[in-house]
Amino acid sequence: SIDAFQGMMPAVEPHLLQPFMAKQATNVNLLKGSLRPWKKELIDTILAQSDVLIKTIYRYLETYWFEFSAEVHILPGPIANDTANRRYFTGIGIPKKTNEAEATTGSPPYPVNYYPMAAPLPHKALTAALGAGGSGDARSMAYEWTVVTSWGEESPPSPVSNIVSAMQGQTVDLSGITIIWAAGQDYEVGNFVIPSSGVIDHVYMCVDSGTSGGAEPTWGTTVDGDTTDNTVTWRAYKKAILFDSGATKRIYRTLTGDVFANYHYIGSVAMATDAYVDTKTDTEASGGTILPSETWYGPPMGMQGLTSIGRFLAGFQGKDLYFSEPNHPHAWPPEYSFPIDFPIVAMAGLGNTLVIGTEQNPFIVQGNHPE
């Protein structure tokens, strides 16, 4: 019985070696005294981008490798029962999101497709016009509308409509509930538009605010590619997130007697529909959900370092720290952000604690809710 192997003794003549010694020992693990081979690396996959310096790889669903040419932070969102296997990431362009269907349908490199992390910000206020019917005293009403993506993400509301004075049950015709591009409009970062004519294959996000031109631009169709429109820059993404099943436009209205001036849900329309007829009395509308997304704006365009902390996400840009709405990783209310004393370089979440590394002193932030 030979045990307690000690490996090579190259300075000793072979015939003088003890049984547990070796003239040559190659690729053996002797740490525990047994004679075992070291495991050899196995080729799992060959990355698709052989001509690009890959700085981040990410194992997805034990099957795919995401590959990025930048330092990317990627993680699951805090979403209960997420059967779509969504992932959110920062570090390569604007903050983004993807899911299994979008990321893996097609040939590598993965992810094949992705979208902005933010939900579309409506640009245009709807127009309200009085119709027939109704009874009782007239009361003043105003409207807002939101976009709900096919992922169930609700956007911040549109600008407030004109105010109408309508009786209970009187018809109010709502129009202009649209994200169709228009000439000579002032667009801000986060607004989404679709082309005014032709087949809708892509949607376009404003990444540089400005005024649209007098004539519609020639829209680019490269995902993450830009289209210049006078002083506006639009970035292209595939249409699925706004036109797949589940995507809608939701309409909200003020109610008489609501001392908080809340907007209450009254109905929804398909993405391809730009009009709605409101006949609801205040009693009927009072059962509607109060607008939840008043400040659910997207994350800053240059946010980095995406990190999970409990039921919400965190990120940074410069000295500023940002948090998402709990369970809604697309929504980053401005009131949840605050500055740190020094530029942030990295951070990590440990339970309900966020450890922040800066160019000077480290910081610890603790809490169970961004508020």
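All values reported here derive from a predicted model rather than from experimental measurement.

Enquirer: Looking at this structure, I do not really get the overall build of the protein chain. What am I missing?
Expert: The secondary structure content of the protein chain amounts to three helices and 31 strands. Against the 2.2 N^0.38 benchmark of 21 Å for 371 residues, the protein chain shows a C-alpha radius of gyration of 28 Å, more extended than a compact globule. Each principal axis of the C-alpha atoms in the protein chain carries an extent, and together these give about 110 × 45 × 40 Å. Counting every position in the protein chain, which comprises 371 residues, the buried fraction comes to 43%. Taking as baseline every contact in the protein chain between residues at least 6 positions apart, the subset at least 24 positions apart corresponds to 53%. Carbon and sulfur atoms form 52% of the exposed surface of the protein chain, whose accessible area is close to 18600 Å². If you average the places of the 22 positive and of the 37 negative side-chain charges in the protein chain, the two averages end up 9 Å apart.

Enquirer: Is there a simple way to explain empty space enclosed by the protein in this structure?
Expert: The tally for this structure, following the rule as stated, stands at one cavity of 30 Å³ or more. Counted as a void, the largest cavity has a volume near 40 Å³. Lining the largest cavity are Ile94, Pro95, Pro116, Met117, Ala118, Met205, Gly298, Pro299 and Met301. Tallied by class, residues from the lining of the largest cavity come to eight nonpolar, one polar and no charged.

Enquirer: What is the right way to look at the sheet that holds strand 11 (residues 127-130) in this model?
Expert: Paired through their backbone hydrogen bonds, the strands of a sheet run either parallel or antiparallel. If you walk across this open sheet you meet the three strands as 11-15-24, and the pairing is antiparallel. On the outer flanks of this sheet lie strand 11 and strand 24 (276-278), each paired with one strand and no other. Between one strand axis and the next, the sheet turns through 25° on average, direction left out of account. Examined bridge by bridge, strand 11 and strand 15 (residues 172-175) share four bridges and lie antiparallel to one another. Directly across from alanine 128, in strand 15, lies its bridge partner leucine 174.

Enquirer: Could you clarify how one ought to interpret unusual backbone geometry in this entry?
Expert: A negative phi angle characterises most non-glycine residues, just as the trans form characterises most peptide bonds. That bond from proline 108 to proline 109 is cis: its omega, 15°, falls within 30 degrees of zero. The residue proline 109 is located in the loop between helix 1 (100-104) and strand 10 (115-116) in this model. The residue after tyrosine 110, namely proline 111, is reached through a cis peptide bond having omega 0°. Along the chain, the position of proline 111 falls in the loop between helix 1 and strand 10.

Enquirer: Is there a simple way to explain the pattern of salt bridges in this structure?
Expert: Counted under the stated rule, the structure contains nine salt bridges. A salt bridge links aspartate 44 to arginine 59, with the shortest nitrogen-to-oxygen separation between them at 3.2 Å. One end of the pair, aspartate 44, is in the loop between strand 4 (36-37) and strand 5 (56-60); the other, arginine 59, is in strand 5, with 15 residues separating them in the sequence. Salt-bridge contacts for lysine 96 lead to aspartate 224; the nearest nitrogen and oxygen are separated by 3.3 Å. Of the two residues, lysine 96 is situated in strand 9 (residues 96-98) and aspartate 224 in the loop between strand 19 (210-211) and strand 20 (226-229); the sequence distance between them amounts to 128 residues. According to the relative accessible area criterion, lysine 96 is buried, its value standing at 2%. Sharing partners across several salt bridges, the network here consists of Arg139, Arg253, Asp278 and Asp282.

Enquirer: Quick question: what am I supposed to make of the packing of aromatic side chains here?
Expert: When we look at a pair of aromatic rings, we describe it by the centre distance and by the angle of the planes. The final tally for this structure, using the stated rule, is 15 aromatic pairs. Their ring planes at 75° and their centres at 5.1 Å tell us that tyrosine 64 and tyrosine 110 sit as a pair that is edge-to-face. Taken together, the positions of tyrosine 64 in strand 6 (residues 64-68) and tyrosine 110 in the loop between helix 1 and strand 10 put the pair 46 residues apart, joining distant regions of the chain. Classification of tyrosine 64 by relative accessible area gives partly exposed; the value is 21%. Look at phenylalanine 89 and tyrosine 114: their rings are 6.3 Å apart centre to centre, the planes differ by 85°, and that puts the pair in the edge-to-face class. Of the two residues, phenylalanine 89 is situated in strand 8 (residues 87-90) and tyrosine 114 in the loop between helix 1 and strand 10; the sequence distance between them amounts to 25 residues.

Enquirer: What is the right way to look at the layout of surface pockets in this model?
Expert: Remark: the empty space left among the atoms is shown by a probe the size of a water molecule rolled over them. Looking at the largest pocket, its volume works out to about 220 Å³. What lines the largest pocket is a set of 13 residues, among which Glu67, Phe68, Ile92, Pro111 and Tyr114 lie closest to the centre.

Enquirer: Explain the sheet that holds strand 22 (residues 248-254) here, please?
Expert: With respect to topology, three strands assemble into an open sheet ordered 13-22-23, the strand pairing being antiparallel. Only two strands of the sheet have a single neighbouring strand rather than two, namely strand 13 (143-148) and strand 23 (263-270). Averaged over all neighbouring strand pairs, the angle between strand axes comes to 25°, with direction disregarded. Sheet topology note: the strand 22/strand 23 ladder contains seven bridges and is antiparallel. Each bridged residue has a counterpart across the sheet, and for lysine 249 the counterpart in strand 23 is valine 269.

Enquirer: Quick question: what am I supposed to make of the environment of valine 365 here?
Expert: Within the secondary structure layout, valine 365 lies in strand 31 (residues 363-366). Given the relative accessible area of 17%, valine 365 is considered buried. The spacing of valine 365 and lysine 96 is 269 residues in sequence and 25 Å in space, taken between C-alpha atoms. Excluding residues within four positions of it along the chain, valine 365 makes contact with Leu321, Phe323, Phe338, Asn352, Thr353, Leu354 and Ile356.

Enquirer: What is the right way to read a nonpolar patch on the surface from this model?
Expert: Residues Leu350, Val355 and Ile364 make up a contiguous nonpolar surface patch of about 280 Å² in total accessible area. Judged by relative accessible area, valine 355 falls into the partly exposed class, the value being 33%.

So, how was this worked out
Residues numbered from 1 in each chain as written. Predicted model: local features only at pLDDT ≥ 70, side-chain atom pairs only at ≥ 80, totals over all residues. Heavy atoms only, no water. Helix = DSSP H or I, 4+ residues; strand = E, 2+ residues; numbered from the N terminus. Rg over C-alpha atoms; globule rule 2.2 N^0.38 Å. Buried < 20%, exposed > 50% of the residue type's maximum accessible area, 1.4 Å probe, protein only. Contact = heavy atoms within 4.5 Å. Areas by Shrake-Rupley, 256 points an atom, 1.4 Å probe, with all protein chains shown as cover. Lys, Arg positive; Asp, Glu negative; His and termini not counted. Charge placed at Lys NZ, Arg CZ, Asp CG, Glu CD. 1 Å grid on protein atoms, 1.4 Å probe; cavity = no way out; pocket = protein on both sides within 12 Å on 5 of 7 lines; lining within 4 Å. Points joined across faces, edges and corners; volume = space filled by probe spheres on them. Nonpolar A, V, L, I, M, F, W, Y, C, P; charged D, E, K, R; others polar. Pairing = 2+ DSSP bridges. Axes fitted to C-alpha atoms, helices over the stretch in contact; angles between N-to-C directions. Salt bridge = Lys/Arg side-chain N within 4 Å of Asp/Glu carboxyl O. Phe/Tyr/Trp six-rings, centres within 6.5 Å; stacked < 30°, edge-to-face > 60°. Patch = residues over 30% accessible without salt bridge, like charges linked within 9 Å, V, L, I, M, F, W, Y side chains within 5 Å.

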